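What follows is each chain in one-letter form.
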Amino acid sequence: MEAIDSSAELELYTIPAQSSWFLWDDIHEIERREFEEFFSESSITRTPKVYKEYRDFIINKFREDTSRSLTFTSIRKFLVGDVNLLQKVFLFLDKWGLINFAPSLNDNDTLSSVDNAKIEQGTPAGIRVTATPNSLRPITAPPLVEQRTVSGIKLPPLTSYSDVFSDLKKPDDVLLCGHCAERCDSAFYQHNKSIVNLCEKCFKNGNYGGETNAAGDFKLVGDSAAAVWTEEETLLLLESVLKHGDDWELIAQSVSTKTRLDCISKLIELPFGEFLMGSTSGRLSSAVPTEDEDTEQVKTDGQEHEETEMREENEDEDGPPAKRKRVALISDSDSSLVKQVATMASKVGPSVATAAAKAAIAALCDEASCPKEIFDTGDYTDSTVDRADGDKDTDMEEQKEEKDGAQGLPVALRIKASVATALGAAAAQAKILADQEEREMEDLAATVIDQQLKKVQSKLKFLDQLELIMDAEEEVIEGGKETILQERISVLQCAFRSGVTKRWDHTYVK
Amino acid sequence: MKALGSSGWKGPVKFRMPTAENLVPIRLDIQSEGQRYKDAFTWNPSDPDNEVVVFAKRTVKDLKLPSAFITQIAQSIQSQLSDFRAFEGQDMYTGEKIIPIKLDLRVNHTLIKDQFLWDLNNFESDPEEFARTLCKDLGVEDPEVGPAVAFAIREQLYEIAIQSVASARESRLSKKGRRGSDHGSASKASGLSMDLVKLFSFKSSVVRKRKDLDVYEPVVDLLTSEEVDALEAREERHAR
């Protein structure tokens, strides 16, 4: 066997703390006690040297690959000597953890457990998923897919989807018919005196669950038959709302199983119901494809991003975007994504919204490589819709047309479209504000420059005036000079008339 | 009568199986009325003798053998036990005796070939433990393999122990009057032991040389049913 060079000893191996007595170069007391036969010098096959060789070989063999568990059988072929003795040494080393002591050798399942798919964090506070209440069909979220990228418009996992309403409808409410022992889903008839409940069918059939019960003993309790809205009914409702607007009679007719009031209440319950009824204005191309329930449950990761954007860009409800006002969030806890998108789009203006929708859809289509025509419902460029509250019908018209056109689209695509449009609208808004900021900046710069110029000008004026003064003074001084000169001359004349010599200068005069 | 010896040569001990448990290997091969009963197991010689009959009866009942087998089984066991006991009174040579033990046995579908060294002087040796470890390390699933291996080891040990008794007797006779230890000759007499002095000397290493590795490596083969049948047929042919 190749000798272990000392570099191997510099590697770190794990041994239990109680085995820290172990030394390569020496045989410890513990070992001596355990293997007296080696140290009693009673045989030639059992000597300290032999023991040390056995021990070192086994340990080194283990350390060649600490991840595998060393078996006695695998090493006994390497060593000459009584196999029982070898096994004793082996077991000794094993017991003291000098071999076969590594975390990987434990039989834990934790090491091999697969990490669950990462679930991204929940939605911002203002957005929540609402399942439509009282929906008969269990609302299933699209399969959770681990998605790390938010780039592009990908369908992220609906991680914080919670069917809040299913919690409410707990088995406490599950009523079994007293007679046929089936669930009374919708309406049920409750006996006045006892707690017997009958489902509708049984009531109609006259099975009153007991001889003594008569028809009059039962009263209709709980949700009316109209309260349970299936998906189809909701869809129908929305369609008819768009078609008929305010005409509830017609709507009730088209949604055949529900009464007028039911329709109204249902619509109000829907997240954007009020909106559809015209409480806010403007075309909402983005709202349209989300009319079916699936999209109501959509939450996107983009929302968080959106949220922050919205917070930054929110403005007053009235008037054009104020420059620096940061108003309270539109996104209070009540509104859903759709509503916010709608508000944003309404702020931005119809043409912008259209453009945003167009661009978003174009990008989407490029990505999904499906023809743009499926989105094409013709009325995108129609910008005759004004912002006022009226003209709801045309709104509905256009929306309906659009919706009709978009009917055939897969839900996912519509979701994508709506999200994309929302983002587009938000982006447009951002751009507008950015432009404003820029203009403002330019303005201010201009003012500053102006001021500087004025300063310079006044300085110049000042200097001019100084100059004038200087000139004046110069003249005066000149005059003075002349006078002095004249006086001098007259003095000289006097001097000359009186016959003073040329050499007479003032030094003589005392 | 103890022979003089230098260090390393122990005095003879009374005959016994040189294992931790003094168990006798018993082999049975009885044919009667067209049926053949082959078995091999270990027996504790300190068990009372009536246990033999009890065992025979139980075996016949379990294996649904004709009742004629009972007496035959009991007789066979008894005779082997008495053979064993015959040796018990005598001296056994004990010295450094490391012998190679070979395994070459087939148990149901498992074929085992192995060779390893065994120290006859090590009265703490345990064939059962060894067999257990072997099966565990090699992942042998057949639970019959372990006991079969242990039995094979024991049988060989038994053989050698008997031989050592004989050789001890011989050496005693031949060593009359001779001084000095001669354990080398005694060990050589058995012809099986290894040259211990050379092997465990200061200069050499106890790590086996590469060329010998294959010999001492256990080999486990799993046979298919056809192979098993073929082998069995061959064995029977050899037996006759």
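Residues numbered from 1 in each chain as written. Chains lettered and ligands numbered in written order. Predicted model: local features only at pLDDT ≥ 70, side-chain atom pairs only at ≥ 80, totals over all residues. Heavy atoms only, no water.

The name an unreviewed UniProt entry assigns to chain B is Chromatin structure-remodeling complex protein BSH, from the organism Camelina sativa. The record held by UniProt for chain B lists under Sequence similarities (unreviewed entry) the comment "Belongs to the SNF5 family." Regarding chain B, the relevant UniProt record gives this comment under Subcellular location (unreviewed entry): "Nucleus". (UniProt positions renumbered as here; feature names shortened; annotations may be inferred.)

As recorded in an unreviewed UniProt entry, chain A goes by SWI/SNF complex subunit SWI3A and comes from Camelina sativa.

Here we come to the overall build of chain B. Of the regular secondary structure elements, chain B holds eight helices and seven strands. Here chain B, with 240 residues, has 41% of them falling under the buried criterion. In chain B, once contacts between residues fewer than 6 apart in sequence are set aside, the share between residues at least 24 apart is 70%. Carbon together with sulfur atoms contributes 51% to the accessible area of chain B, which is approximately 13400 Å² in total. (Helix = DSSP H or I, 4+ residues; strand = E, 2+ residues; numbered from the N terminus. Buried < 20%, exposed > 50% of the residue type's maximum accessible area, 1.4 Å probe, protein only. Contact = heavy atoms within 4.5 Å. Areas by Shrake-Rupley, 256 points an atom, 1.4 Å probe, with all protein chains shown as cover.)

What follows is about the overall build of chain A. Within chain A, the regular secondary structure consists of 17 helices and three strands. Here chain A, with 510 residues, has 40% of them falling under the buried criterion. In chain A, 66% of the contacts between residues at least 6 apart in sequence involve partners at least 24 apart. Summed over its atoms, the accessible surface of chain A is roughly 29600 Å², and 55% of this surface lies on carbon and sulfur atoms.

What follows covers the sheet that holds strand β6 (residues 110-119) of chain B. Residue and element names in this part refer to chain B. If you walk across this open sheet you meet the three strands as β5-β6-β7, and the pairing is antiparallel. The open sheet terminates on both sides in strands that have one partner only, identified here as β5 (98-107) and β7 (219-222). Ignoring strand direction, the axes of neighbouring strands in this sheet form an average angle of 15°. By the bridge criterion, ten bridges tie β5 to β6 in an arrangement that is antiparallel. Counted as the bridge partner of arginine 106 is leucine 111 from β6. (Pairing = 2+ DSSP bridges. Axes fitted to C-alpha atoms, helices over the stretch in contact; angles between N-to-C directions.)

For the rest of this paragraph, the subject is the pattern of salt bridges. Tallying each qualifying case throughout the model produces 15 salt bridges over all chains. The shortest N-O distance in the salt bridge between glutamate 217 of chain B and lysine 77 of chain A comes to 2.9 Å. Here the residue glutamate 217 of chain B occupies a position in the loop between α7 (210-213) and β7, and lysine 77 of chain A occupies one in the loop between α4 (72-76) and α5 (83-95), the pair thus bridging two chains. Exposure remark for lysine 77 of chain A: the relative accessible area of 12% places this residue in the buried category. (Salt bridge = Lys/Arg side-chain N within 4 Å of Asp/Glu carboxyl O.)

What follows deals with the packing of aromatic side chains. Under the definition given, this model contains 16 aromatic pairs over all chains. Look at tryptophan 118 of chain B and phenylalanine 130 of chain B: their rings are 5.9 Å apart centre to centre, the planes differ by 80°, and that puts the pair in the edge-to-face class. Residue tryptophan 118 of chain B is located in strand β6, and its partner phenylalanine 130 of chain B is located in helix α3 (residues 127-138); the two are separated by twelve residues in the primary sequence. Ring pairs connect the aromatic residues Trp21, Phe22, Trp24, Phe35, Tyr51, Phe92 and Trp96 of chain A, which therefore count as one cluster. (Phe/Tyr/Trp six-rings, centres within 6.5 Å; stacked < 30°, edge-to-face > 60°.)

This paragraph deals with a negative patch on the surface. The grouping of Asp464, Glu467, Asp471, Glu474, Glu475, Glu478 and Glu482 of chain A at the surface amounts to a negative patch. Within the element layout of this structure, glutamate 474 of chain A appears in helix α17 (residues 411-497). (Patch = residues over 30% accessible without salt bridge, like charges linked within 9 Å, V, L, I, M, F, W, Y side chains within 5 Å. Lys, Arg positive; Asp, Glu negative; His and termini not counted. Charge placed at Lys NZ, Arg CZ, Asp CG, Glu CD.)

For the rest of this paragraph, the subject is the environment of histidine 244 of chain A. Residues and elements named next belong to chain A. Mapped onto the elements, histidine 244 comes out in helix α8 (residues 231-244). When the C-alpha positions of histidine 244 and serine 254 are compared, they lie 10.0 Å apart, and in sequence the two are ten residues distant. Residues in contact with histidine 244, not counting those within four places in the same chain, are Leu250, Ile251 and Ser254.

Turning to the UniProt feature "domain: Myb-like" (unreviewed entry) in chain A, a few remarks are in order. Residues annotated by UniProt as "domain: Myb-like" (unreviewed entry) correspond here to residues 229-263 of chain A. For the annotated span residues 229-263 of chain A, helix accounts for 71% and strand for 0% of the residues, and the straight-line distance between the end C-alpha atoms is 10 Å.

Take unusual backbone geometry next. With a phi close to 50°, glutamate 33 of chain B is a non-glycine residue in the positive phi region. Assignment of secondary structure puts glutamate 33 of chain B in the loop between β2 (24-32) and β3 (35-43).

Glancing now at the confidence of the model for chain B. Residue and element names in this part refer to chain B. Across chain B, the average pLDDT comes to 76, with 79% of residues at 70 or higher. Long-range and interchain partners of residues 177-192, a stretch whose pLDDT sits below 50, account for 19 contacts in this model, where long-range means more than four residues apart. Across the interfaces of the predicted complex, the ipTM metric reaches 0.79, alongside a pTM of 0.43. (pLDDT = per-residue confidence, 0-100.)

It is worth spelling out a nonpolar patch on the surface at this point. A contiguous nonpolar surface patch, about 690 Å² in accessible area, is contributed by Val456, Leu460, Phe462, Leu463, Leu466, Leu468 and Ile469 of chain A. Tracing the backbone shows phenylalanine 462 of chain A in helix α17.

It is worth spelling out α8 of chain A at this point. Under the 1.5 Å per step criterion, the end-to-end length of α8 of chain A is 20 Å for 14 residues, consistent within 8% with the ideal 20 Å. Three or more residues of α8 of chain A are buried, namely Glu231, Glu233, Thr234, Leu237, Leu238, Ser240, Val241 and Leu242 of chain A. (Expected span 1.5 Å × (residues − 1).)

A word on the packing of helix α1 (residues 50-63) of chain B against helix α2 (residues 68-88) of chain B. To describe two helices that pack against each other, one gives the angle between their axes and the distance between the axes. Residues and elements named next belong to chain B. Their axes nearest at 8 Å, the elements α1 and α2 cross at an angle of 140°. Relative to α2, α1 is oriented oblique. Note on packing geometry: the crossing formed by α1 with α2 is right-handed. Across the interface between the two elements, Val52, Phe55, Ala56, Lys57 and Val60 of α1 pack against Phe69, Ile70, Ile73, Ala74, Ile77, Gln78 and Leu81 of α2. (Parallel < 35°, antiparallel > 145°, perpendicular 65-115°, else oblique. Left-handed = near helix turned anticlockwise from the far one by under 90°.)

The next point concerns the packing of α2 of chain B against helix α4 (residues 145-174) of chain B. All names here are of chain B. At their nearest, the axes of α2 and α4 sit 10 Å apart, and the two run at 40° to each other. In terms of axis orientation, α2 runs oblique to α4. α2 and α4 meet at a crossing whose hand is left-handed. Along its contact with α2, which presents Gln80, Asp83, Phe84 and Phe87, the element α4 presents Tyr158, Ile162 and Val165. Each residue belonging to the contact of α2 with α4 can be placed in one class, and the counts come to five nonpolar, one polar and one charged. (Nonpolar A, V, L, I, M, F, W, Y, C, P; charged D, E, K, R; others polar.)

What follows is about the pairing of β2 of chain B. All names here are of chain B. Where β2 lies against β3, nine bridges are found, and the strand directions are antiparallel. By the bridge assignment, isoleucine 26 is partnered in β3 with phenylalanine 41. In sequence, β2 turns back onto β3 through a hairpin of two residues, with glutamate 33 there showing a positive phi of about 50°.

We now examine the pairing of β5 of chain B. With seven of ten residues buried, β5 of chain B is to be regarded as a mostly interior element. Linking β5 of chain B to β6 of chain B, which pair antiparallel, is a turn of two residues; within it asparagine 108 of chain B sits at a positive phi near 50°.

With respect to the helices and strands, glutamate 36 of chain A occurs in helix α2 (residues 36-39). When the C-alpha atoms of glutamate 36 of chain A and threonine 47 of chain A are compared, they prove to be 9.8 Å apart, with eleven residues separating the residues in sequence.

Another aspect to go through is the confidence of the model for chain A. Residue and element names in this part refer to chain A. Model confidence for chain A is summarised by a mean pLDDT of 67, while 48% of its residues fall at 70 or above. When mean pLDDT is taken per element in chain A, α17 scores highest with 93 and helix α12 (residues 293-296) scores lowest with 42. In the model, residues 106-116 has pLDDT below 50 throughout and makes two contacts with residues more than four positions away in sequence or in other chains. Here residues 138-152 is modelled with pLDDT under 50, and outside its nearest four sequence neighbours on either side it reaches 25 contacts, counting other chains as well.

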